[in-house]
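# Fold and contact review
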Amino acid sequence: MTSNLRIACVMVGLPARGKTYISQKVCRYLNWLGINTKVFNVGNYRRKLYGAHQQHTFFDPHNPIGIQQRKEAASAALDDMLRWFEEDQGIVAIYDATNSTQQRRQWLNERLSAENVQVFFIESICQDESIILDNIKQVKLSSPDYADTDPEVAASDFMARINHYKDMYETIEEKNYSYIKLINVGSQVIINMIRGYLESRIVYYLMNLHIMPRKIYMSRHGESMFNVHGQIGGDSDLSPRGLLYAERLPGLIHENLGDKELIVWTSSLKRTIQTSGKLEYPKMSRKALDELDAGVCDGMTYEEIEEKFPEDYANRDEDKFNYRYRGGESYRDVVLRLEPVIMDLERQGNILIIGHQAILRCLYAYFMNYNQEDLPYIKIPLHTVIELTPRAYGCDEKRYKVDIEAVDTHRPKPKKTPILQKKKSDLKSKTAGASGEICDTMGSPILPISPQLWPNNAPSSGHKRSPSQLQQEITKLDLGDAAIAAEAK
């Protein structure tokens, strides 16, 4: 039995209330932060065990065979989840099912608590029929349960399934459980007995979610003079081709978005602000969107870095996500810097982010579920607009390439040759180099969720926070060093 912190987020709610959407969003968010997270969808286990094409009568609470088989699917998912905690050192598991009765929740709470897993219930309640119907059309009718089924027949059957669950549904009222209730897509939120740092982060994240349709556009700044000369970092102006891209960008956005509202975020650096110059939308400049800080290597070319700091050049190629420039940042640092931006981004409608290669890689990885090893090598070319449309299981993506030439700044992931492997072995005993270092936290979560801070075997009273304490903690987490410095004054 491991003593590490382990949390089971147990979903609760009627069908078509956004449970899977919430599950997938929380999973992507936590994995982006380096917290090992996985979703266990009981519906997938039910389909695997008993087939996908089950009529609504299978979910009738008066159908004893259906009850038994659904319980077996729930048990199979739970058993796999517990194995995952043990074998894969899982930190957060998300148990995605209706879990709509007190009896079912009690069974889950007892099983998980006995295995030293902290249980946190997430209930999604929706009384807005338009949201429910939209969810049914977008998600449920395209699920494996209704493959090759007439849409009207599928909709009728699914509504009958919902009514079966309604007959037995019991909202969470257990005062001894840790839970959050999201009512009508977060228009009202009720929380109870939130325990510890990680649960508070999940609560804060959930309070910022919405499921209204929107488009997220991302574009790097137009080609800069530093791009032309192969230099990294800096605060250079746009090149003539970059200025031409800034001229073309408004037409491309309007062509795909029409007259819908949009806000534009840029960094505080000249090249992104110049790129947004012709856009007639509300704009916000955010320093948190500034490019990865290259420290003492700022303004240098990669050839100059390789010549002046050969050890570091190899070091960064070996672990690009965790490598930190001396006096600068790593990709890991940037993800932590962007975490409050993600919270704000989840509250927005249609948005265009004009940013930098490393920044957009980190944001793109959040939406598209990239792992940390591959994140620094995502292709974000110049003079290209990326359009993301959030869906229940991820994002639809389109890319629009503007016909303006630009330099290619992408450096492919190096192959693990025997020479590089030897260099990596040599560097293990000496991680600090001439200009930087490999972060000594590699492999650990980006957020500080040390089990030493929040042990599973600590008394539950030690995890409790008053509302004022919880708000103070969340404020510190969102504002970071600024809040701590202000408090010190």
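Attention in this report is confined to the structure presented alongside it. Just so you know, these numbers come straight off a predicted model, no measurement behind them.

Here we take up the environment of glycine 34. For glycine 34, the location among the structural elements is in the loop between helix H1 (19–32) and strand S2 (37–41). As a C-alpha pair, glycine 34 and proline 445 span 411 residues in sequence and 4.3 Å in three-dimensional space.

With that settled, consider helix H14 (residues 357–368). Under the 1.5 Å per step criterion, the end-to-end length of H14 is 16 Å for twelve residues, consistent within 8% with the ideal 16 Å. Among the twelve residues that make up H14, eleven are buried, leaving the element largely enclosed by the rest of the structure. Residues of H14 that are buried include every one of Gln357, Ala358, Ile359, Leu360, Arg361, Cys362, Leu363, Tyr364, Ala365, Tyr366 and Phe367, and no others. Phi turns positive one or two residues past the end of H14, at asparagine 369, with a value near 65°.

Attention shifts here to the sheet that holds S2. Taken in spatial order, the six strands of this open sheet run S2-S3-S1-S4-S5-S6, and their pairing is mixed. Either end of the sheet is taken by a strand with one partner, and the two such strands are S2 and strand S6 (188–192). Across this sheet, the average inter-strand angle for adjacent strands is 15°, counted without regard to direction. Running over the sheet, helix H2 (residues 42–50) touches S2 and strand S3 (92–96) and is turned about 50° from S2. Where helix H4 (residues 102–114) meets the sheet, its contacts fall on strand S1 (7–12), S3 and strand S4 (118–125), and the angle it forms with S4 comes to roughly 155°.

With that settled, consider the layout of surface pockets. Over the atoms rolls a probe the size of a water molecule, and in doing so it shows where empty space is left. The calculated volume of the second largest pocket comes to roughly 510 Å³. Contributing to the lining of the second largest pocket are 28 residues, with Gln231, Ile232, Tyr302, Gln357 and Thr409 lying nearest its centre. Where the lining of the second largest pocket is concerned, the elements lending two or more residues are helix H8 (225–229), helix H11 (302–308) and H14.

Here we come to empty space enclosed by the protein. Taken as a whole, this structure holds two cavities of 30 Å³ or more when the rule is applied. As a volume, the largest cavity reaches approximately 160 Å³. Mapped by element, the contributors of at least two residues to the lining of the largest cavity are H1 and S4. The space that makes up the second largest cavity amounts to roughly 70 Å³. Forming the walls of the second largest cavity are Tyr302, Ile305, Asp312, Tyr313, Arg316, Asp317, Tyr323, Tyr325 and Arg411. Top contributing element to the lining of the second largest cavity by residue count: helix H12 (residues 310–318), with four residues. In terms of residue class, the lining of the second largest cavity is built from five nonpolar, no polar and four charged.

On to the sheet that holds strand S12 (residues 384–390), then. Pairing is mixed across the open sheet formed by six strands, whose spatial order is S9-S8-S11-S7-S12-S13. With one partner strand each, in any of the chains shown, strand S9 (283–285) and strand S13 (395–401) form the two edges of the open sheet. Within the sheet, the average angular offset between the axes of one strand and its neighbour, ignoring direction, is 20°. Of the pairings in the sheet, the one linking strand S8 (residues 263–266) to S9 comprises three bridges and is parallel in character. Bridged to tryptophan 265 within S9 is methionine 284. Packing of helix H9 (residues 240–257) onto the sheet brings it into contact with strand S7 (216–220), strand S11 (351–355), S12 and S13, and relative to S12 it is tilted by some 30°.

As a further point, take the packing of helix H3 (residues 64–87) against H4. The interhelical angle for the contact between H3 and H4, taken along N-to-C directions, is 25°, at an axis separation of 12 Å. It follows from the interaxial angle that H3 and H4 lie roughly parallel. Of the two possible hands of crossing, H3 and H4 adopt the one that is right-handed. Contact with H3, carried on its side by Lys71, Ala74, Ser75, Leu78, Asp79, Met81 and Leu82, involves Arg104, Trp107, Leu108, Arg111 and Leu112 of H4 and no other residues of that element.

Time to look at the side chain of asparagine 350. If you trace the backbone, asparagine 350 turns up in the loop between helix H13 (331–346) and S11. Beyond its immediate sequence surroundings of up to four residues, asparagine 350 is in contact with Arg214, Lys215, Leu257, Lys260, Glu261, Leu262 and Ile263.

Quick look at the pattern of salt bridges now. Think of it this way: side chains of opposite charge can pair up when their charged atoms draw near. In this structure the tally under the stated criterion is 22 salt bridges. In this structure, the salt-bridge partner of arginine 324 is aspartate 333, at a minimum N-O distance of 2.7 Å. With relative accessibility at 25%, the residue arginine 324 sits in the partly exposed group. A relative accessible area of 19% places aspartate 333 in the buried class. One connected set of salt bridges, linked through shared partners, spans Lys25, Arg214 and Glu346.

So, on to the packing of H1 against helix H7 (residues 196–206). Between H1 and H7, the shortest axis-to-axis distance is 11 Å and the interhelical angle comes to 125°. Of the possible angle classes, the one that applies to H1 and H7 is oblique. As for the relative orientation of H1 and H7, their crossing is right-handed in sense. Contacts between H1 and H7 pair Ile22, Lys25, Val26, Tyr29 and Leu30 from the former with Leu198, Arg201, Ile202, Tyr205 and Leu206 from the latter. Broken down by class, the residue content of the contact of H1 with H7 amounts to eight nonpolar, no polar and two charged.

Moving on: H9. Over its 18 residues, H9 extends 27 Å from the first C-alpha to the last, a length consistent with the 26 Å expected when each residue adds 1.5 Å. The secondary structure elements touched by the buried residues of H9 are S7, helix H10 (270–275), S11, S12 and S13. A positive backbone phi angle near 70° is found at glycine 258, which sits one or two residues after H9.

Rules used throughout
Residues numbered from 1 in each chain as written. Predicted model: local features only at pLDDT ≥ 70, side-chain atom pairs only at ≥ 80, totals over all residues. Heavy atoms only, no water. Helix = DSSP H or I, 4+ residues; strand = E, 2+ residues; numbered from the N terminus. Expected span 1.5 Å × (residues − 1). Buried < 20%, exposed > 50% of the residue type's maximum accessible area, 1.4 Å probe, protein only. Pairing = 2+ DSSP bridges. Axes fitted to C-alpha atoms, helices over the stretch in contact; angles between N-to-C directions. Contact = heavy atoms within 4.5 Å. 1 Å grid on protein atoms, 1.4 Å probe; cavity = no way out; pocket = protein on both sides within 12 Å on 5 of 7 lines; lining within 4 Å. Points joined across faces, edges and corners; volume = space filled by probe spheres on them. Nonpolar A, V, L, I, M, F, W, Y, C, P; charged D, E, K, R; others polar. Parallel < 35°, antiparallel > 145°, perpendicular 65-115°, else oblique. Left-handed = near helix turned anticlockwise from the far one by under 90°. Salt bridge = Lys/Arg side-chain N within 4 Å of Asp/Glu carboxyl O.

None of the figures reported here should be taken as evidence of function without further support.
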